[in-house]
Amino acid sequence: MDRKLYLEKIINEFEDWWINDPHSSNMDFYQNTITDSRLASLSNKEFVDFFYGFVSEGGRVQSGGDRTKNRFRNTVGKDIERFRKFVLKPFQARFSLKDWFLQLEDYPGFGVGIATIFLNRVDYKKYPIMNNKTLKALNKLGCKISSSKNWANYELVKK
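Residues numbered from 1 in each chain as written. Predicted model: local features only at pLDDT ≥ 70, side-chain atom pairs only at ≥ 80, totals over all residues. Heavy atoms only, no water.

A. Highlighting the packing of aromatic side chains. Considering all chains together, one arrives at 29 aromatic pairs under this definition. When the ring of Y30 is compared with that of F54, the centres are 5.0 Å apart and the planes differ by 70°; the resulting orientation is edge-to-face. Residue Y30 is located in the loop between α1 (7–20) and α2 (36–41), and its partner F54 is located in helix α3 (residues 44–56); the two are separated by 24 residues in the primary sequence. Exposure remark for Y30: the relative accessible area of 3% places this residue in the buried category. Centre to centre, the rings of F83 and Y107 are 5.4 Å apart; their planes meet at 65°, and the pair counts as edge-to-face. Placement of F83 in helix α5 (residues 80–88) and of Y107 in the loop between α6 (97–102) and α7 (112–122) is noted, with a sequence separation of 24 residues between them. Take F83: its relative accessible area is 0%, and that puts it in the buried class. Overall, the relative accessible area of 5% leaves Y107 in the buried class. Between R60 and the ring centre of F29, over which it is positioned, the NZ or CZ distance is 3.6 Å. Here the basic side chain of R84 rests over the ring of F47, its NZ or CZ set 4.3 Å away from the ring centre. (Phe/Tyr/Trp six-rings, centres within 6.5 Å; stacked < 30°, edge-to-face > 60°. Helix = DSSP H or I, 4+ residues; strand = E, 2+ residues; numbered from the N terminus. Buried < 20%, exposed > 50% of the residue type's maximum accessible area, 1.4 Å probe, protein only. Lys NZ or Arg CZ within 6 Å of the ring centre and 35° of its normal.)

Read these as spatial facts, not as claims about activity.
Below, the structure is given as structure tokens:
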């Protein structure tokens, strides 16, 4: 079956579903908290608590954050200032998405899924989410993308 023939119908049905799904109300949930000025103004404790909650609730997109939240807290606790600089980079004018993405392995507990959700919350028109569901859905739509959560695949998801 050529899924491209049905793409318009699929998109229309998705939009009808989206209007009534609870996830649609989460799109702007962080609009006043995930900002450069707000994140930069948080004390270290507030900063860690905010991101611990964000990871724990999967950025209000995915489940599973409960499994990684403590690993994340340990990672951030080792060097809060380093992580703070890292998550503030997407707000900078000369932000290198590739460099940022490739540094994710330095932050156990802040993996590709939650990191791309964070980017999506920074600017959902610019940064897509890449997690298992994204990759699976794109494959069902006929895109040939492996299940690897790497930079090359993130570029394909963006495309």
